[in-house]
Amino acid sequence: MSLSIEQVQRIAALARIELAAGDAEATRDKLNGIFGLIEQMQAVDTSGVEPMSHPQDVAQRLRADVATEPNRRDEFQRIAPQTEAGLYLVPKVIE
């Protein structure tokens, strides 16, 4: 697949990117290079390859889902400027 200068300028306009006239040629060459790589990858026969989520067969080490910190809510509520029914009261900042 090969893009024309007009197509590159159209893509730039859709992406809201300002593209100078001299930059359009370089951008077209870069995009055409990317499309060339994609065509090469699509040409590879992957019919016997099983999809995988990660290139290495590794397992995630998980830790136990246990609370490790003590409950210090009452201590924090005592030093808070204002609380009500276990909630922190803060000044209204949006009218």
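Residues numbered from 1 in each chain as written. Predicted model: local features only at pLDDT ≥ 70, side-chain atom pairs only at ≥ 80, totals over all residues. Heavy atoms only, no water.

At their nearest, the axes of helix H1 (residues 5-14) and helix H2 (residues 21-43) sit 9 Å apart, and the two run at 95° to each other. Taken together, the axes of H1 and H2 lie roughly perpendicular to each other. Only Ala-24, Glu-25, Thr-27, Arg-28 and Leu-31 of H2 make contact with H1, whose side of the interface consists of Ile-5, Val-8 and Gln-9. Split by residue class, the contact of H1 with H2 holds 4 nonpolar, 2 polar and 2 charged. (Axes fitted to C-alpha atoms, helices over the stretch in contact; angles between N-to-C directions. Helix = DSSP H or I, 4+ residues; strand = E, 2+ residues; numbered from the N terminus. Parallel < 35°, antiparallel > 145°, perpendicular 65-115°, else oblique. Contact = heavy atoms within 4.5 Å. Nonpolar A, V, L, I, M, F, W, Y, C, P; charged D, E, K, R; others polar.)

On to the pattern of salt bridges, then. In this structure the tally under the stated criterion is 3 salt bridges. Here Arg-28 makes a salt bridge to Asp-29, at a shortest N to O gap of 3.9 Å. The class of Arg-28 is partly exposed, set by a relative accessible area of 22%. The structure contains a network of salt bridges with shared partners spanning Glu-25, Arg-28 and Asp-29. (Salt bridge = Lys/Arg side-chain N within 4 Å of Asp/Glu carboxyl O. Buried < 20%, exposed > 50% of the residue type's maximum accessible area, 1.4 Å probe, protein only.)

On the surface, Ile-34, Leu-37, Ile-38 and Met-41 cluster together into a nonpolar patch covering about 380 Å² of accessible area. Structurally, Met-41 is set in helix H2. The exposed category is assigned to Met-41, whose relative accessible area is 58%. (Patch = residues over 30% accessible without salt bridge, like charges linked within 9 Å, V, L, I, M, F, W, Y side chains within 5 Å. Areas by Shrake-Rupley, 256 points an atom, 1.4 Å probe, with all protein chains shown as cover.)

Keep in mind that most residues, glycine aside, have a negative phi and that most peptide bonds are trans. In the Ramachandran plot, Arg-16 falls in the positive-phi region, its phi being about 60° despite a non-glycine side chain. Inspection of the secondary structure assignment puts Arg-16 in the loop between H1 and H2. Its identity as a non-glycine residue notwithstanding, Ala-85 has a phi of 55°, on the positive side. With respect to the helices, strands and loops of the structure, Ala-85 is situated in the loop between strand E1 (83-84) and strand E2 (87-88). Looking at Ala-85, the relative accessible area reads 76%, which means it is exposed.

The subject of this paragraph is H1. For H1, every residue scored as buried is listed here: Ile-5, Val-8 and Ala-12. Down the axis of H1, the buried side of the element spans an arc of 60°, and every buried residue falls inside it. Pointing more than 90 degrees away from the buried face of H1 are the exposed residues Glu-6, Arg-10 and Leu-14. Phi turns positive one or two residues past the end of H1, at Arg-16, with a value near 60°. (Arc of directions from axis to C-beta.)

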